[in-house]
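# Close look at the chain arrangement
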Amino acid sequence: MVVEITEDVVEYLESHKEELNDQSDIIVMLDEIARQCYEHHHVIYAEVDVLEYLKNCGILENRSKRVFSALFRRAFKLKSYVDVTRYRIVYSTEVDCNTLKEEDGTIKLYVPITRKFMLAQSELICENLRDCELYTDLTREIIREKSANINLSIHGIHCGGSEADTTIKNEVLTGECRPIACIMDSDKKCENDKYGSSAQKAIGIYEEKKETYPIELHVLAVRMKENCFPPEVLTLETNIENKEFLTALIQFQDDSRFEEFFKFFNFKDGVTLKRSEKVLNFRAELEAIGIIWPSEEQIVNEPDKILVPGIGANGLGNFHKSVLKHQLDERYEKMVQFRCKEEDCEKVHQKAIKAHCILQYVKKPWEDDWKAIEQLVIDFGIAFPETMTFVG
């Protein structure tokens with residue numbers, strides 16, 4: 001996350017320098033902010049004169065002075081990190097308590113640097129750790145495809161869905177400043193449906209804490225994470241369970257009549273004949289791709305027969321590894337190594353190439369969630385590249 005140090009901090013240090021020591025709250029805070037930057041967890045932003053003062057501030061730890069010295073030399077490049085974010089913490093001496101403001105389209109949480117509120121690594125809270133990894137790796141892939149020089153440092157925490165409010169409260173109660181990004185499924189079955197209980201609990205705690213704590217929430221516009229990806233992207237995973245079903249849907253990706261279907265159909269779980277009534281509102285879309293609607297007699301005689309195959313409990317996990325983590329590249333290399341059929345190798349090779357360019361497939365109704373996830377993860381996870389060192 002971008003953490004800004006304002007000019008009034010330097011004015012305070014200068015006017016109180018006779019009474020400050022290495023245990024003064026403002027010094028402890030500055031040392032910790034510098035340490036977090038040194039460990040590539042956050043990005044420090046400040047004006048050139050602020051950095052110049054801090055790099056020569058004798059009361060700070062030597063490591064802190066090295067950090068501020070390195071940033072001083074790169075001062076004119078720091079704004080490029082700020083420009084890609086829409087949320088940041090601003091450390092100041094001119095506020096008495098944490099205060100949320102919006103300035104020029106950027107949300108800023110002003111934090112009094114004279115009070116101990118120790119900065120820690122940002123956290124991404126989702127319903128499970130697989131979700132955290134999925135959204136982080138999706139953002140990394142977007143960053144890579146955009147050729148942005150951005151590193152991410154964000155710690156995933158699962159909340160089991162229904163425990164979102166308790167999980168967030170517990171993190172806040174630590175007394176540390178652990179910036180929290182939260183992404184939740186909406187669990188909506190149609191556009192006008194209400195949010196599920198997990199999303200509602202997350203919204204409740206977010207509204208309670210957002211004015212005084214660094215926290216942002218995105219509830220998916222679609223039903224769940226399985227709805228976040230176009231069929232053409234999902235089918236890049238060659239072994240996905242419902243490949244035939246997804247392939248049939250590719251031709252309708254740009255069809256506005258299918259927008260609600262893509263957003264709210266349950267792609268995760270298969271639909272049996274006895275459960276066909278629960279997806280009756282999507283009958284027209286399903287029949288358009290060749291699925292024959294069952295008669296009442298068929299439902300009675302074969303209730304457990306699959307009408308629509310699901311992606312499966314691990315389907316998105318396999319997609320995550322093959323496509324977002326680019327294991328398709330390794331699969332292709334092994335197929336060539338073991339002299340598999342040339343045409344089979346080429347099929348995997350083409351999918352591996354497409355997996356490096358997935359942004360081209362993302363349009364409505366998926367792009368809004370992708371943009372929101374990207375922005376949220378970058379806002380809270382942005383850090384200096386690992387290649388950036390803080391010496392001398």
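Residues numbered from 1 in each chain as written. Predicted model: local features only at pLDDT ≥ 70, side-chain atom pairs only at ≥ 80, totals over all residues. Heavy atoms only, no water.

### Re the sheet that holds strand β1 (residues 2–5)
One open sheet holds the five strands; their spatial order is β2-β1-β3-β5-β4, and the pairing between them is mixed. Only two strands of the sheet have a single partner each, and these edge strands are β2 (43–45) and β4 (99–103). In this sheet, neighbouring strand axes are inclined to one another by 30° on average, regardless of whether the strands run parallel or antiparallel. In this structure, β1 lies alongside strand β3 (residues 87–92), joined through four bridges in parallel fashion. Paired with I5 across the strands is Y91, a residue of β3. In this fold helix α2 (residues 25–38) packs onto β1, β2 and β3, with an angle of close to 130° to the strand it touches most, β2. (Pairing = 2+ DSSP bridges. Helix = DSSP H or I, 4+ residues; strand = E, 2+ residues; numbered from the N terminus. Axes fitted to C-alpha atoms, helices over the stretch in contact; angles between N-to-C directions. Contact = heavy atoms within 4.5 Å.)

### Concerning the sheet that holds strand β10 (residues 215–219)
Across the sheet, four strands lie side by side as β8-β6-β9-β10; this open sheet has parallel pairing. Of all the strands in the sheet, just β8 (155–158) and β10 have a single pairing partner and so form its edges. Each strand axis lies, on average, 20° off the axis of its neighbour in the sheet, ignoring direction. When strand β6 (residues 123–126) meets β8, the two strands line up parallel, connected through four bridges. Looking across to β8, one finds that I125 is bridged to I157. Strands β6, β8, β9 (180–184) and β10 of the sheet are contacted by helix α7 (residues 164–172), whose axis makes an angle of about 175° with β9. Each of β9 and β10 is contacted by helix α8 (residues 197–209), which is oriented at about 155° to β10, the strand it contacts most.

### A closer look at the packing of helix α15 (residues 327–337) against helix α16 (residues 342–354)
Two elements in contact, α15 and α16, have axes whose closest approach is 9 Å; the angle formed by their N-to-C orientations is 160°. The angle between α15 and α16 places the two elements in the roughly antiparallel class. Taken as a pair, α15 and α16 cross one another with a handedness that is left-handed. Judged by residue contacts, L328, D329, R331, Y332, M335 and V336 of α15 engage D344, C345, V348, H349, K351 and A352 from α16. Here the contact of α15 with α16 is composed, by residue class, of seven nonpolar, one polar and four charged. (Parallel < 35°, antiparallel > 145°, perpendicular 65-115°, else oblique. Left-handed = near helix turned anticlockwise from the far one by under 90°. Nonpolar A, V, L, I, M, F, W, Y, C, P; charged D, E, K, R; others polar.)

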